[in-house]
Amino acid sequence: MSPTEPADAPAPPPQSGVDRYAQRVLAWLERHKRFPNEFVRDRFDATVLIAFSIDRRGRVRDVRIVRESGIDWLDALALRQVRAASPFPRPPEAARSEPLTFEVPMRYRARS
């Protein structure tokens, strides 16, 4: 227990294997996110909300936009980047019976 934490503070809930896997998926996607140099001169801060499923082998399935950014080329870029990040690490054994579905905000910022 830390000195600033009250004695009766509840312990954080333990993470399930699926929760840990979701964190791995987000980190994997972030590592595979690239921004084309030709757009660095533009100024914007936009987010595309993407939904996709991952099968038991870590392959991406059913990629779609849930909420557009308002910038067509950026929406298309986000879809391509999710597909290009495939295959993802394999899901934990407990989650391999059916595809796992994620909704991920893909945020892009450029400041000239």
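Residues numbered from 1 in each chain as written. Predicted model: local features only at pLDDT ≥ 70, side-chain atom pairs only at ≥ 80, totals over all residues. Heavy atoms only, no water.

### Things to note about the overall build of the protein chain
To be explicit about the condition: Where helices and strands are cited, they refer to DSSP runs of H or I of at least four residues and of E of at least two residues respectively, numbered from the N terminus. A simple rule labels every residue: compare its accessible area, found with a 1.4 Å probe on the protein chains alone, to the largest value its type can have, and call it buried under 20%, exposed over 50%, or partly exposed in between. Accessible surface area values rest on a Shrake-Rupley calculation with a 1.4 Å probe, where residue burial reflects the displayed protein chains alone.
Scanning the protein chain from N- to C-terminus turns up two helices and three strands. Secondary structure of the protein chain in N-to-C order comes out as α-β-β-α-β. A total of 112 residues make up the protein chain; the buried ones form 32% of that total. Accessible surface, the protein chain as shown: approximately 7600 Å² in total, 50% of it carbon and sulfur.

### Some thoughts on unusual backbone geometry
A cis amide bond, omega 5°, links Ser-86 with the succeeding residue Pro-87. Checked against the element boundaries, Pro-87 lands in the loop between α2 (72–84) and β3 (100–110). The phi angle at Asp-62 is positive, at roughly 50°, despite the residue not being glycine. Here Asp-62 lies in strand β2 (residues 60–67).

### A few points about the pairing of β2
The criterion, for reference: In short, DSSP must find at least two bridges between two strands for them to pair.
Pairing of strand β1 (residues 44–54) with β2, which is carried by five bridges, proceeds in the antiparallel orientation. Looking at β2, one finds that Ser-53 is bridged to Arg-61.

### Some words on the pattern of salt bridges
Operational definition: By definition here, a salt bridge exists when the distance from a side-chain nitrogen of Lys or Arg to a carboxyl oxygen of Asp or Glu is within 4 Å.
In the structure shown here, the tally under the stated rule is four salt bridges. Salt-bridge contacts for Lys-33 lead to Glu-30; the nearest nitrogen and oxygen are separated by 3.6 Å. For Asp-45, the salt bridge identified is with Arg-107, shortest N-O distance 2.5 Å. Of this pair, Asp-45 sits in strand β1 while Arg-107 sits in strand β3, and the two are 62 residues apart along the sequence. Since its relative accessible area comes to 41%, Arg-107 is described here as partly exposed. What you see here is one network of salt bridges that share partners, running through Asp-55, Arg-59 and Arg-61.

### Here we look at α2
As a reminder, the rule being used: The span you would expect from a helix comes to 1.5 Å times its residue count less one.
A rise of 1.5 Å per residue sets the reference length of α2, with its 13 residues, at 18 Å; its end C-alpha atoms lie 18 Å apart and thus fit the reference within 8%. For α2, the set of buried residues is Leu-74, Asp-75, Leu-77, Ala-78, Leu-79, Gln-81 and Val-82.

### Digging into the side chain of Lys-33
For the record, the criterion: Distance and chemistry together define a polar contact, namely a pair of N or O atoms within 3.5 Å, with one atom able to donate a hydrogen and the other to accept it when in protein, and with adjacent residues in sequence counting only for side-chain atoms on both sides.
With respect to the helices, strands and loops of the structure, Lys-33 is situated in the loop between α1 (17–32) and β1. On the accessibility criterion, Lys-33 (18% relative accessible area) is buried. Reaching out from Lys-33, the side chain makes a polar contact with the backbone oxygen of Arg-107 at a distance of 2.6 Å.

### Quick notes on the sheet that holds β1
Going by this rule: Angles here are taken between N-to-C directions and fall from 0 to 180 degrees, while the axes themselves are lines fitted to C-alpha atoms, restricted in helices to the stretch in contact. Any two residues whose heavy atoms approach within 4.5 Å at even a single point are treated as in contact.
The three strands lie next to each other as β2-β1-β3, forming an open sheet whose pairing is antiparallel. Single-partner strands in this sheet number two, and they are β2 and β3. Adjacent strand axes in the sheet meet at a mean angle of 30°, parallel and antiparallel pairs treated alike. Together, β1, β2 and β3 form the strand contacts of α2, whose direction differs from that of β1 by roughly 40°.

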